[in-house]
Amino acid sequence: MSDLITAALIRLDADLGTEKHDVIRALARIVSEAGRTADPDQLAADAITREGTAATGLAGGIAIPHCRTPAVEVPTLVFVRLSPQVEFGAKDGPADLAFLIAAPAGGDATHLQLLTRLARALVKPDFTAGLRGASTEQEVVDLVLEVVSDDPSRETATAPPATTTGGTRSLVAVTACPTGIAHTYMAAEALEAAAAKAGVPIAVETQGSAGSRPLSPATIAAAAAVIFAVDVGVRDRGRFAGKPVVSSGVKRPIDDGDAMVAEALRYADDPNAPRVEGSAADSVGAETAHESWGARVRRVLMTGVSYMIPFVAAGGLMIALGFLFGGYEIANNDAYGQIAVHNTLFDLPSPSQLGLDHALLSSGFFAYIGALFFIIGKTAFLLFIPALAGYIAYAIADRPGIAPGFVLGALANNLFAVQDTNSTPVSVPVTGYLGAIVGGVLAGLIAHWLAQRSVPSWGRGLMPVLVIPLVTCVVGGLLMLIVLGRPIAWVMTHLTDGLNNMSGSNAVLLGVILGLMMAFDMGGPLNKVAYSFAAAGVGTAAAASSSSPELKIMAAVMLAGMVPPIALALATVLRPQLFTVAERENGKAGWLLGASFITEGAIPFAAADPLRVIPSIMLGSAVTGGLAELFSVSIRAPHGGIFVLFAVHHIVGYLISLAAGVLVGAAAVIALKTVWTTDTDVATV
């Protein structure tokens, strides 16, 4: 790739200033002088911004400022042998060799692989010695092109299994930096060199811009320890659950790889060494190649729901706070729109003129804040259906599925507000969360199928950023609008009508069923299905009257989800001798977890004693769900537990329902532990 670096991009023994930012700006000007960028200021700014996240000076007198930037259209290398040397943040002093690595924002995979080979070469003494000894610019060009033209399969090939014979230990590692261009691969090279010196097999997964292939489960299982050399999160960290772990920033192995390998080997023999959080079950769950269809469906849906919940929780609480400050009328008669457009902190609205009879303290300030909170919350709520679809698609197709998944989710929610306004306004079918699930799966399957297609090398860089999103949006979007939209909308309409017609004993039965679902798996699929069902209703009914069935369902679900941790916490206080010391400690946390509507606080109890704990908390939650419907309790916030009482209608019924379920759940678990004893019922003191 002779266009990567040319003699015009090289300076030998040049004085570019005494401060690293001056050097970076000078390097950007060299790129401009060579005709490789029309915006050297943008290039310099992007490289300096990257420098701010972590210094790019390396041991041995090397500096590698780098960035991904729209200022260049082709990957570009600039090399300068500095005189005088300049401080770039390396531990051992200033740098005399500086590379500016500029990669296009789009990131063509083939060119990025060339940059990774250069990064790997920079940690090799022979290469840097050649750069220092070069007498002409062409010598430098030849040296660089030689290393970047090495075996092109090296960086993206699957790492060989780190298994050995004769009981020899092996290691695995993950390296990753924010831009994924240089440090990621230099750290990998340094770890591989250090492990070879120590005589230990190592397999390194580079989570960088040029792509990587995950380590196989067999390789991870065989490893004695894992090294995380990262400045960003480790993707699929659960694969390494339970392994002894050495963690550091991505620069440490470049400076001190021998010590990291030695530390990892020492941790492998230390039962008290730090370990990757999680359990072996988490690690097994990360391997999807041999999943059953049931496990795969569960993983896909749970991924979508887990990413969706922050949108729901934040948006719903903001809407509730908007109602607290501005009154429920803030959502009616376009009051929030008038306030946002015409008023400011220095020109407050008049609540009486806008019909905001329930604004807090009848204050214009609170009416203004309430309107803004409502707008923020409603915006977040509009995104939760697209987020559900987007991350369902992500669970199937990885990153290429996110954008088309969001688009199909937005279609399911009619985010564009497409309607016919010639007479009575009629909108296109809204398919809600059912449409989001269908759209997410559809987008994920199409994107995954496209990603598996073989394409020429020149087209690989276009696949994830253009071809896959475009084709998936076109095909999936047309299927949703033409084929699937109306049938799903018909199902949603009849489901909503059924809820609106529920009253009396039918509503109580619905509350009981939702309560059972919330307690059965404490944050698992059934719990999340019930929660998603309720939260979806709050988005459309938040401004409705307190008698709205959707708001009652939300109350039943939230109250039922609060019961398990609080009931078990109460049981540990009433009969502490029935619980271990660890369970009693968990009980102390259960009060706050339950009050915050975090049902997962009951999991430690259920994991230790499922046959007696789970039926007990299901009974308590069922009682609470049924009573909440019986007392017509409603709530306008989708999360928050006891801390959103301001959004509750019929607070007395709310408290009675919660207390009754907690008492029933606690009594049931105490009774079962007393009557049905086991050999493990020993209170450790």
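Predicted model only: the values in this text are computed from it and were never measured.

### Quick notes on the overall build of the chain
And step 1. A tally of regular secondary structure across the chain gives 22 helices and 14 strands.
And step 2. For the chain, buried positions account for 51% of its 685 residues.
And step 3. Within the chain, contacts between residues at least 6 apart in sequence are counted, and of these 73% link residues at least 24 apart.
And step 4. Here the chain displays about 29,500 Å² of accessible surface, and carbon together with sulfur accounts for 62% of that area.

### Brief notes about the pattern of salt bridges
And step 1. For the coordinates displayed, the defined rule picks out 13 salt bridges.
And step 2. With a shortest N-O distance of 2.8 Å, Arg 612 and Asp 609 are connected by a salt bridge. For the pair formed by Arg 612 and Asp 609, the shared burial category is buried.
And step 3. Residue Lys 673 pairs with Asp 609 through a salt bridge whose shortest N-O separation is 2.8 Å.

### Concerning the sheet that holds strand 7 (residues 171-176)
And step 1. Across the sheet, four strands lie side by side as 8-7-9-10; this open sheet has parallel pairing. Of all the strands in the sheet, the pair left with one neighbour each is strand 8 (202-206) and strand 10 (245-248). The mean angle between the axes of side-by-side strands here comes to 15°, regardless of whether they run parallel or antiparallel.
And step 2. Alignment of strand 7 against strand 9 (residues 225-230), held across six bridges, turns out to be parallel. Its bridge partner being in strand 9, Val 174 is matched across the sheet by Phe 228.
And step 3. Against the sheet, helix 6 (residues 183-198) makes contact with strand 7, strand 8 and strand 9, and its axis sits at roughly 180° relative to strand 8, the strand it touches most.
And step 4. Relative to strand 10, helix 8 (residues 252-268) is tilted by about 160°, and along the sheet it contacts strand 7, strand 9 and strand 10.

### Side note on the packing of helix 1 (residues 20-33) against helix 2 (residues 40-53)
And step 1. Closest axis-to-axis distance for the helix 1/helix 2 pair is 8 Å, and the angle between their directions is 145°. When you trace helix 1 past helix 2, the crossing you get is right-handed. Two secondary-structure elements touch here, helix 1 through Lys 20, His 21, Ile 24, Arg 25, Ala 28, Arg 29, Val 31 and Ser 32 and helix 2 through Pro 40, Leu 43, Ala 44, Ala 47, Ile 48 and Glu 51.
And step 2. Tallied by class, residues from the contact of helix 1 with helix 2 come to eight nonpolar, two polar and four charged.

### Comments concerning the side chain of Glu 263
And step 1. One can find Glu 263 in helix 8.
And step 2. With near-sequence residues (within four places) excluded, Glu 263 lies in contact with Val 246 and Arg 252.

### Section: the packing of helix 11 (residues 335-342) against helix 12 (residues 364-397)
And step 1. Taken N-terminus to C-terminus, the directions of helix 11 and helix 12 make an angle of 105°; their axes are 9 Å apart at the nearest point. Of the possible angle classes, the one that applies to helix 11 and helix 12 is roughly perpendicular. Where helix 11 approaches helix 12, its residues Tyr 336, Ile 339 and Ala 340 are matched on the opposing element by Ala 367, Tyr 368, Ala 371, Phe 374 and Ile 375.
And step 2. Its residues assigned to classes, the contact of helix 11 with helix 12 comprises eight nonpolar, no polar and no charged.

### Topic: the environment of Gly 249
And step 1. Here Gly 249 is to be found in the loop between strand 10 and helix 8.
And step 2. For the pair Gly 249 and Thr 175, spaced 74 residues apart in the sequence, the C-alpha separation amounts to 8.9 Å.
And step 3. Excluding residues that lie within four positions of it along the chain, Gly 249 makes contacts with Ala 229, Val 230 and Asp 231.

### A short note on the side chain of Ser 596
And step 1. Considering the arrangement of structural elements, one finds Ser 596 in the loop between helix 19 (581-595) and helix 20 (603-608).
And step 2. Taking the relative accessible area as the measure of exposure, Ser 596 reaches 17% and is therefore buried.
And step 3. There is a polar contact of 2.8 Å between the side chain of Ser 596 and the backbone oxygen of Leu 592.

### Overview of the nonpolar core
And step 1. In this structure, Leu 356, Leu 514, Tyr 531, Met 554, Val 557 and Ile 635 are the most contacted members of the largest nonpolar core, which totals 94 residues.
And step 2. Top element by residues in this core is helix 18 (residues 549-574). It accounts for 15 residues.
And step 3. Among all residues touching Leu 514, those that are not within four sequence positions of it are Ala 530, Phe 533, Ile 553 and Val 557.
And step 4. Membership of the second largest hydrophobic core comes to 58 residues, among which are Leu 16, Ile 24, Ala 119 and Val 147.

Calculation notes
Residues numbered from 1 in each chain as written. Predicted model: local features only at pLDDT ≥ 70, side-chain atom pairs only at ≥ 80, totals over all residues. Heavy atoms only, no water. Helix = DSSP H or I, 4+ residues; strand = E, 2+ residues; numbered from the N terminus. Buried < 20%, exposed > 50% of the residue type's maximum accessible area, 1.4 Å probe, protein only. Contact = heavy atoms within 4.5 Å. Areas by Shrake-Rupley, 256 points an atom, 1.4 Å probe, with all protein chains shown as cover. Salt bridge = Lys/Arg side-chain N within 4 Å of Asp/Glu carboxyl O. Pairing = 2+ DSSP bridges. Axes fitted to C-alpha atoms, helices over the stretch in contact; angles between N-to-C directions. Left-handed = near helix turned anticlockwise from the far one by under 90°. Nonpolar A, V, L, I, M, F, W, Y, C, P; charged D, E, K, R; others polar. Parallel < 35°, antiparallel > 145°, perpendicular 65-115°, else oblique. Polar contact = N/O pair within 3.5 Å; in protein donor to acceptor, adjacent residues only side chain to side chain. Core = buried A, V, L, I, M, F, W, Y, C linked by side-chain atoms within 4.5 Å.

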